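# Results of the structural survey
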Protein chains: 2
Amino acid sequence: MTAASPHAYFPVSARIGADLKAQIAQGVYPPGAALPSTRALAAELGVSRTTVTAAYDQLVAEGYLETRPGARTRVAAGLQPAPAPVAGGRATAHHLSAYGRRLLAEPLMPEPLMPEPLLPGSLLPEPVMTEPAPGPAIDFRYGDLSGNDFPVLAWRRALTAVLLRRPARLGYADPRGLPELRAALQAYLWRARGLRCGLDQIVVVNGSQQGIDLCARLLVDPGDRVVMEDPGYGAARRAFAAAGAAILPVPVDAEGLQTGRLAAVGPARLAYVTPSHQFPLGGVLPVARRQALLAWAEACGATIVEDDYDGEYRFDARPVEALMSLDRTGRVIYAGTVSKTLSPQLRLGYLVVPPALSDVVTEAKRLADRQAPGLEQAALAGLLTGGGYERHLRQARRRHADRRAALLAALAESFGGTVRVEGAAAGLHLVAWFDHRPAAAETGMAAAARAAGIGVYPVGPLYHDPAARPDRAGLLLGFAGSEPGTIREGIRRLAVALAGERRAGI
Amino acid sequence: MTAASPHAYFPVSARIGADLKAQIAQGVYPPGAALPSTRALAAELGVSRTTVTAAYDQLVAEGYLETRPGARTRVAAGLQPAPAPVAGGRATAHHLSAYGRRLLAEPLMPEPLMPEPLLPGSLLPEPVMTEPAPGPAIDFRYGDLSGNDFPVLAWRRALTAVLLRRPARLGYADPRGLPELRAALQAYLWRARGLRCGLDQIVVVNGSQQGIDLCARLLVDPGDRVVMEDPGYGAARRAFAAAGAAILPVPVDAEGLQTGRLAAVGPARLAYVTPSHQFPLGGVLPVARRQALLAWAEACGATIVEDDYDGEYRFDARPVEALMSLDRTGRVIYAGTVSKTLSPQLRLGYLVVPPALSDVVTEAKRLADRQAPGLEQAALAGLLTGGGYERHLRQARRRHADRRAALLAALAESFGGTVRVEGAAAGLHLVAWFDHRPAAAETGMAAAARAAGIGVYPVGPLYHDPAARPDRAGLLLGFAGSEPGTIREGIRRLAVALAGERRAGI
């Protein structure tokens, strides 16, 4: 009962119990041995007898002690000396599943997709952990949104409205998601993405990543062939690779997936595509290629996963309708998300699945985590049906258009003809190609930028087949996370950093 | 452009675009054909030329039309007649993975675990979908919590505090969860569950179901042997079975898993246990059995998944410490949740994994859905560090103790010696055994109760090996969802219903 006991802030009876356990573990009281009477121990410790009795009762409840009416309390006969309670203190090899081994065998995700800390660690009075290294001062990381854009008041109002409804009971609900939300999404998808579907086809998921992962689990066995855009989205590639897929990279050009190459690739189980705004190169897949892709899928029995990760943002025209809206044969699974419209931190997305897959996706979602969080689902439904979502979206479109314009102007001003921009017609990022510099220069360029406090991200790691990529340097620039002034300043500093890096002769 | 067009609430240019698409699909304008000039079409439709130009521009952007300077706008040469946009309209067979096929082959979950609608569908002004059948008037469904208990104000305050911090950027964060929350959980687990662990061992998940599913994916290959309690938790059994596990049912008694039977079962890859309060029979695993289980796991190299789903509730003593606190060799994965302390709708839980598994679990969580929702994580961290969580827990314990007392008293009053209660020392449910009635009577009893508006749930479906179960009827009674008066009334009505059902000679 020393002051340094880790149990120092436990009630006295708990401290007595902890010390008794330690003494039992050390063999002071071997199995079957009688303990001091409660009266004796209370006197020894200078505490009330009630306190000691409580400690004994607790250890009886836990099985350390045994008691019989009229007899002394004893250490349980079958007990082994217990180890000190430090969980997982010794390294032990665990047998991993094939899935787990594939997960560790794959290289980590490329940097643009690596997580960094988001919410400032301001809740705790003192630092209790090592803080991760701070990010660059001006960051063009793709996938980030500016915190300024989040509709704090509308979201808070929506959450409060849901909280105050106070349901009579809290239990598990439909794994596909809240009926109100699915109905709201059904209407939204029709008017905004040209997608007509039944309620039973909609499954609310935790962001599009869960949707992709469910598709990989349900549709891909080890060795199955999966078509992916090259370059393409790393987190999807990793999900399919972890499922054991044989990845078939198909090159993209300025119009997205080169569907003319599908015949040469041959049949596949699945194709993962980003037709609204190819990730990362930004092409918008024309309707003729969409038809070719659907025809290929039907011919070989493939399922198409359409990741519509930022299809809401189109700057020169209305957003192109979803690929799924052209699908008459039930080959396409559509994955949508609010990660680019509200916040990636909300972790809300949705799958629209062909009717034939509705049951199995529902069961997989149930076993994966039962359902998406109820409060947030109801809040999003409120925002959608009340019109707040599209009001916010219109505002976000304007802000992102300003950011995009600032980025394009700054690139032209600082780099002139030495930079060629690709993929800026839609979405929240673009690729800046430095045609006069080799692909190998990318890493040095990003490092020089980083040293100057600017986060830019090489395109290289997003290529599946490094040999197939053009020998020129490309940087991925997301513009949704910063304001126009910061963007302009960031590009100015980037130009200075890259000029210096070049003079250094790398 | 009929009034019945599904695009009736689109802007006029969008309606023109939709009609043009339909005409292209019907072959009115075949691939390569010239369209009317914008001037001509504008005159024909009685709209401005700008409107028609906008429609043409949009279809050019989508790839339906092609345009060259000085030439008439034409239908894209490579275009096929497009189908009408009804997603997934024809049933198509999809090739499912082995996982998907196992998922569909397994029987659906037994009724106590089946989801029912939770939040009333009050967001939408009109009913837009078929409402599911209403639940029983008084429901003893296990897993539900009373909506009265949820700390609405504290949770709202915590959420608001987080929302108003308004981070500069919104992006993806650590897949293991918010550092503040993991630090808060680390401290909580130490003081409340006797569990000391490093921050890197904690991974925040979407409720314990996701934790269990991650364990199944990472540790179980098809054919691997997995020990499960019998009877046991259906959703866990389904997750392991879907991973392809060969389930080894080990019987439980009043003290939980019969560890003495493990030697006969032989080695296994994994054991899933509920030592704090065996689900469903309610036994608290004594420390000697805990030691035996750990020794068995070490001897055969098995990993133990400890599902501490309601370990916070112990009515006759302090909660028993977690099994993992006895684990010195890193064999135990601990799964905790707020589903029984705050709400199953929040979908927040946590794994504590041995250091050797930290990396692979982190990667699996990242690919599964990147991370748990940020707002809710931060709100829970605030509740934990501010003391609100444990204040709420103390209150919840008192309320549940009252409900439990009401249920025990009502059972004694209505059934006397004809009912034997098991597993009431801990947790939020108990089992009422009708020793004088055969197991086969359970279904009829539950149906008779249901007809009287009372939801009770047979124990039978929770047995893996129906032959091994005792031939007596048992009903699972959860008491966390209703208030004491309702519980008493429910048991009175249950007694009447069961007496009537018995007289009917079933």
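As the structure is a prediction and not an experimental result, all values here were calculated from the model. (Residues numbered from 1 in each chain as written. Chains lettered and ligands numbered in written order. Predicted model: local features only at pLDDT ≥ 70, side-chain atom pairs only at ≥ 80, totals over all residues. Heavy atoms only, no water.)

## Some remarks on the overall build of chain A
Test applied: Secondary structure elements are defined from DSSP: runs of H or I of at least 4 residues count as helices, runs of E of at least 2 residues count as strands, and each element is numbered from the N terminus. Only protein chains enter the calculation, and the probe is 1.4 Å; a residue is then buried if its accessible area is under 20% of its type maximum, exposed if over 50%, and partly exposed in between. The contact criterion used is simple: two residues touch if any of their non-hydrogen atoms lie within 4.5 Å. In these tables, accessible area is a Shrake-Rupley quantity obtained with a 1.4 Å probe, and a residue counts as shielded only by the protein chains included in the view.
On a plain count of helices and strands, chain A comes out with 15 helices and 18 strands. Residues counted as buried form 62% of the 506 residues belonging to chain A. For chain A, the share of sequence-separated contacts (at least 6 apart) that also reach a separation of at least 24 residues comes to 72%. Looking at chain A as shown, the accessible area adds up to about 17,800 Å², and 56% of this sits on carbon and sulfur atoms.

## Observations concerning helix α11 (residues 358–369) of chain B
All names here are of chain B. Put simply, the rule is: Working rule for helices: expected span equals 1.5 Å times residues minus one.
Taking 1.5 Å as the rise per residue, α11 with 12 residues should run 16 Å; its terminal C-alpha atoms sit 17 Å apart, in good agreement. Counting buried residues in α11 gives 11 out of 12 residues, a clear majority hidden from the surface. Every buried residue belonging to α11 is among Ser 358, Val 360, Val 361, Thr 362, Glu 363, Ala 364, Lys 365, Arg 366, Leu 367, Ala 368 and Asp 369, and all of these are buried. Arg 370 lies just past α11 and shows a positive phi near 75 degrees.

## Let's talk about the relation of the copies chain A and chain B
For these two chain copies, the linking operation is a rotation about an axis paired with a shift along it. Which entries qualify depends on this criterion: Overlaid copies result from least-squares superposition on C-alpha atoms, with residues included only where pLDDT is at least 70 in both.
After a rotation of 180 degrees and a shift along the axis of 0.0 Å, chain A superposes on chain B with an RMSD of 0.1 Å. Both copies of the chain, as the preceding transformation shows, are related through a two-fold rotation axis. Of all interface residues in chain A, 100% are interface residues in chain B too; the two copies therefore contact each other through one and the same surface.

## Some thoughts on the interface of chain A and chain B
Selection rule: Put simply, buried area is how much 1.4 Å-probe accessible surface two parts lose in total, over both of them, once they are put together. Within this document, salt bridges are pairs made up of a side-chain nitrogen of Lys or Arg and a carboxyl oxygen of Asp or Glu, the two lying within 4 Å of each other. Polar contact criterion, stated in full: a pair of N or O atoms within 3.5 Å, where within protein one must be able to donate a hydrogen and the other to accept it, and residues adjacent in sequence count only if both atoms are side-chain atoms.
Contact with chain A, which involves 158 residues of that partner, is made by 158 residues of chain B. Of all residues in chain A, Arg 169, Leu 170 and Leu 367 of chain A give up the largest surface area on contact with chain B, accounting jointly for 6% of the area buried on that side. Viewed at the interface, chain B and chain A are joined by 9 salt bridges. Here Glu 321 of chain B ties to Lys 21 of chain A by a salt bridge, and the two come within 3.3 Å at their closest N and O atoms. Where chain A packs against chain B, one counts 56 residue pairs in polar contact (both at pLDDT 80 or more).

## Here we look at the packing of helix α4 (residues 98–105) of chain A against α11 of chain B
Using the following cut-off: Only the stretch in contact is used when a helix axis is fitted, and all axes are lines through C-alpha atoms; the angle between N-to-C directions ranges over 0 to 180 degrees. Each angle gets one of four labels, with under 35 degrees taken as roughly parallel, over 145 as roughly antiparallel, 65 to 115 as roughly perpendicular, and the rest as oblique. Classes in brief: Ala, Val, Leu, Ile, Met, Phe, Trp, Tyr, Cys and Pro nonpolar; Asp, Glu, Lys and Arg charged; the others, Gly included, polar.
Contact pair α4 of chain A / α11 of chain B: the axes reach a minimum separation of 10 Å and the direction vectors enclose 90 degrees. As the angle between them shows, α4 of chain A and α11 of chain B are arranged roughly perpendicular. On α11 of chain B, the residues touching Tyr 99, Gly 100, Leu 103 and Leu 104 of chain A of α4 of chain A are Val 360, Glu 363, Ala 364 and Leu 367 of chain B. Split by residue class, the contact of α4 of chain A with α11 of chain B holds 6 nonpolar, 1 polar and 1 charged.

## Focus: a positive patch on the surface
Residues and elements named next belong to chain A. Under the convention used in this document: For patches, a residue must show more than 30% relative accessible area and have no salt bridge; joins then use 9 Å for like charges and 5 Å for nonpolar side chains, namely Val, Leu, Ile, Met, Phe, Trp and Tyr. Charged residues are defined narrowly, with Lys and Arg counted positive, Asp and Glu counted negative, and His plus the chain ends left uncounted. Charge coordinates come from a single atom per side chain, which is NZ of Lys, CZ of Arg, CG of Asp or CD of Glu.
A cluster of basic side chains, namely Arg 157, Arg 391, Arg 394 and Arg 398, defines a positive patch on the protein surface. Here the positive patch takes 3 residues from helix α13 (residues 388–415), the largest share from any one element. Under the relative-accessibility criterion, Arg 398 is labelled exposed at 54%.

## Some thoughts on the side chain of Glu 229 of chain A
Residues and elements named next belong to chain A. Assignment of secondary structure puts Glu 229 in strand β7 (residues 225–230). No salt bridge is formed by the buried Glu 229. Its closest oppositely charged neighbour is Arg 289, at 9.0 Å. A polar side-chain atom of Glu 229 sits 2.6 Å from a polar atom in the side chain of Thr 274. Polar side-chain contacts of Glu 229 include one of 3.1 Å to the side chain of Gln 278.

## Focus on the sheet that holds strand β12 (residues 332–337) of chain B
All names here are of chain B. Applied cut-off: Strands are treated as partners if at least two bridges between them are detected by DSSP.
One open sheet accounts for 8 strands, arranged β6-β13-β12-β11-β10-β7-β8-β9; its pairing is mixed. Each end of this open sheet is capped by a strand with a single partner; those strands are β6 (202–205) and β9 (256–257). Of the strand pairs in this sheet, β6 and strand β13 (residues 349–352) are connected by 4 bridges, and their pairing is antiparallel. Looking across to β13, one finds that Val 204 is bridged to Tyr 350.

## Description of unusual backbone geometry
Residues and elements named next belong to chain A. Residues Phe 279 and Pro 280 are joined by a peptide bond in cis, for which omega reads 10 degrees. The residue Pro 280 is located in the loop between β10 (270–273) and α10 (287–300) in this model. Positive phi, close to 40 degrees, is recorded for Arg 166, a residue that is not glycine. Considering the arrangement of structural elements, one finds Arg 166 in the loop between α5 (152–165) and β5 (169–170). Overall, the relative accessible area of 36% leaves Arg 166 in the partly exposed class.

## What about the pairing of strand β7 (residues 225–230) of chain B?
The side chains of a regular strand alternate between the sheet's two faces. Residues and elements named next belong to chain B. Heads up, the rule is: A right-handed crossover is one whose linking path, passing over the helix from the first strand to the second, runs clockwise when the strands point away from the viewer.
Taking burial as the measure, the 6 residues of β7 include 5 buried ones, the bulk of the element. As judged from the 6 bridges shared by β7 and strand β8 (residues 246–253), these two strands associate in the parallel manner. Residue pairing in the sheet places Val 226 in a bridge with Ile 247 of β8. Chirality of the crossover, the property in question, places the unit of β7, helix α8 (residues 234–242) and β8 among those that are right-handed. Pairing of β7 with strand β10 (residues 270–273), which is carried by 3 bridges, proceeds in the parallel orientation. Looking at β10, one finds that Val 227 is bridged to Ala 271.

## Quick word on the nonpolar core
For soluble globular proteins, nonpolar side chains are generally found buried alongside one another. Note the cut-off: Here, nonpolar core means buried Ala, Val, Leu, Ile, Met, Phe, Trp, Tyr and Cys residues that are tied together by side-chain atoms lying within 4.5 Å of each other.
Residues Trp 155 of chain A together with Trp 155 of chain B are the most contacted members of the largest nonpolar core, which totals 208 residues. Every residue in contact with Trp 155 of chain B, bar those within four places of it in the chain, is listed here: Leu 163 and Leu 375 of chain A together with Phe 150, Leu 342, Leu 346, Glu 376, Ala 379, Leu 380 and Leu 383 of chain B.

## Topic: the sheet that holds strand β17 (residues 457–458) of chain B
Residues and elements named next belong to chain B. Spatial ordering of the open sheet is given by β14-β15-β18-β17, a layout of 4 strands whose pairing is antiparallel. Here the strands that pair on one side only, and so sit at the sheet edges, are β14 (420–422) and β17. In this sheet, strand β18 (residues 473–478) lies alongside strand β15 (residues 429–434) in antiparallel orientation, the contact comprising 6 bridges. Bridging from a neighbouring strand, Trp 433 pairs with Gly 474 of β18.

## A word on the confidence of the model for chain A
Residues and elements named next belong to chain A. The condition that has to hold: What pLDDT expresses is the predictor's confidence in each residue, scored from 0 to 100.
Chain-level pLDDT for chain A is 87 on average; 90% of the residues reach the 70-or-more range. Every residue in residues 1–9 is under pLDDT 50, and counting partners more than four places away or in other chains gives 11 contacts. When the criterion is pLDDT under 50, residues 82–86 qualifies, and its contacts beyond four places in sequence or with other chains add up to 13 contacts. In the predicted complex, the global pTM is 0.84; the interface-specific ipTM is 0.84.

## Digging into the pattern of salt bridges
All chains considered together, the criterion is met by 55 salt bridges over all chains. Linking Lys 365 of chain A and Asp 369 of chain A is a salt bridge whose minimum nitrogen-to-oxygen distance equals 2.8 Å. Of this pair, Lys 365 of chain A and Asp 369 of chain A both sit in helix α11 (residues 358–369), 4 residues apart, which is roughly one turn of the helix. Of the two residues, Lys 365 of chain A and Asp 369 of chain A, neither departs from the other in class, the shared state being buried. The partner of Arg 469 of chain B in a salt bridge is Glu 442 of chain B, with the nearest N and O atoms 2.7 Å apart. Of this pair, Arg 469 of chain B sits in the loop between β17 and β18 while Glu 442 of chain B sits in helix α14 (residues 442–451), and the two are 27 residues apart along the sequence. Shared partners join several salt bridges into a network, and the residues in it are Asp 139, Arg 141 and Asp 144 of chain A together with Arg 169 of chain B.

## Let's talk about the packing of aromatic side chains
Residues and elements named next belong to chain A. Convention followed: Here a pair means two rings of Phe, Tyr or Trp (six-membered ring of Trp) with centres within 6.5 Å. Their orientation is stacked below 30 degrees between planes, edge-to-face above 60, and tilted elsewhere.
Counted according to the given criterion, the structure contains 18 aromatic pairs over all chains. On the basis of an interplanar angle of 50 degrees and a centroid distance of 4.9 Å, the ring pair of Tyr 142 and Phe 279 is categorised as tilted. One end of the pair, Tyr 142, is in the loop between β3 (138–139) and β4 (145–146); the other, Phe 279, is in the loop between β10 and α10, with 137 residues separating them in the sequence. Since its relative accessible area comes to 2%, Phe 279 is described here as buried.

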